[in-house]
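Residues per chain, in single letters:
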Amino acid sequence: MTNVSRKIALTIAGSDPSGGAGFQADLRTFQKFCVYGISVPSVLTAQSTEGVYGVHNISQEFVSAQLEVLLKDIKPDALKTGMLYTTDTILITADTVRKYLLQNLVIDPVTVSSTGVKLIEERGLDALREELFPLAKVITPNIYEAGVFTSREVESEKDMKEAAVQLRESGTETVIITGGHLKHKATDLFFDGEEFLVLESERYEGEFHGTGCVFASAVTACLALGYDAKEAFIKAKEFVRDAMRTAVSIGHGMKVLNV
Ligand code: PXL
C-alpha cells in the first residue's frame with residue numbers, strides 16, 4: 001500500500017442542511033480541489049434553499065473542545081472561518097489560531113444571509129475586526145460586508161479600492177472584496193498592500209445561495225495547495241464563475257452553485 005500525501009484544509013463554519021452554504025459547501029469545494037477537508041461546526045441553522053428559519057448556537061466550550069481534539073491530532077495546511085455567530089466563538093477561534101500557530105487563515109466575514117437574516121451578533125463585528133482579521137492571510141468580504149466593516153458605502157471601483165486599503169489597516173495581509181456589480185459585470189478586487197488586481201466576469205441572472213462560502217473555500221484550498229494569495233484569487237474567481245454558470249435548482253428557492 002502506498003502512503004499518498006494530501007493537503008488538508010479546515011473549515012470552522014455554520015451548518016446549512018441544504019448544503020448550498022456553510023461547512024457542507026466548504027467541504028465539497030475543498031474536495032473539488034483534491035484537498036482533504038476537515039470541519040468544526042460553529043452553529044447550526046434550520047435552512048432550505050428558501051431561507052434561514054432558525055439558528056441554534058453551539059457553545060464556545062464545545063467549539064473549543066472540537067478544535068482541541070482535532071488540532072492535537074491534525075495540522076491543516078490552511079483554514080477558513082465562516083459563520084461564527086457569537087463573540088465568544090470568534091474569540092475562541094482567534095485563541096486557537098494563535099495557540100496552534102495555524103497558517104493560511106481565510107476569513108469570510110459572514111454578516112447576513114442572502115435573504116436578510118442576521119448571521120452574527122452585533123458585538124461580533126468588532127471582535128472579528130480586532131481579534132481575527134489581524135491573524136488572517138486573506139479576508140473575503142463582499143461589497144455589503146466591506147461597507148459594514150468600514151462604515152461607508154461601497155459601490156464603485158474607487159469605493160472598493162478605498163475600502164480595501166481601510167480594511168487592510170486591521171492587520172490582515174490581503175483583502176479580496178467580492179460581488180461588485182459594476183457595468184453589469186461581477187467585479188472582484190484584490191489588494192495585498194502593494195498591488196490592486198480587479199477581475200471582472202459575466203454576471204449571471206437569478207439568485208444564488210452560498211457564493212461567498214464557495215469563493216472563500218476555493219481560496220483556502222488554493223492556499224493549502226501552496227499557491228500565493230494572488231494566484232488563489234484568480235483560481236477561485238474562475239472556479240466560482242464556472243460553478244455559477246452551471247448552478248442547479250435543487251429546491252423551491254435559490255439556486256445553489258454546482259460544486
Ligand atoms: O452565505 C453565508 C452563510 C454562511 N454560513 C451559513 C449560512 C449562510 C447563509 O445563509 O447559513 C451556515
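Refer to the structure presented above.
How each quantity is defined
- Residues numbered from 1 in each chain as written.
- Predicted model: local features only at pLDDT ≥ 70, side-chain atom pairs only at ≥ 80, totals over all residues.
- Heavy atoms only, no water.
- Helix = DSSP H or I, 4+ residues; strand = E, 2+ residues; numbered from the N terminus.
- Buried < 20%, exposed > 50% of the residue type's maximum accessible area, 1.4 Å probe, protein only.
- Salt bridge = Lys/Arg side-chain N within 4 Å of Asp/Glu carboxyl O.

S.K.: Account for unusual backbone geometry, with residues named and values stated.
M.R.: We note that Asn-104 has phi near 60 degrees; this positive angle belongs to a residue other than glycine. Structurally, Asn-104 can be placed in the loop between helix H3 (87-99) and strand S5 (105-107). The phi angle at Ser-151 is positive, at roughly 50 degrees, despite the residue not being glycine. Judged by its relative accessible area of 69%, Ser-151 is exposed.

S.K.: Tell me what's going on with the pattern of salt bridges, and back it up with residues and numbers.
M.R.: Per the stated rule, a full pass over the model turns up 17 salt bridges. Note that Asp-26 and Lys-80 form a salt bridge whose closest N and O atoms lie 3.0 Å from each other. Pair noted here: Asp-26 is in helix H1 (residues 22-32) and Lys-80 is in strand S4 (residues 78-81), with a separation of 54 residues, a long-range link. Asp-26 sits in the buried class, given a relative accessible area of 0%. The exposure class of Lys-80 is buried, given its relative accessible area of 1%.

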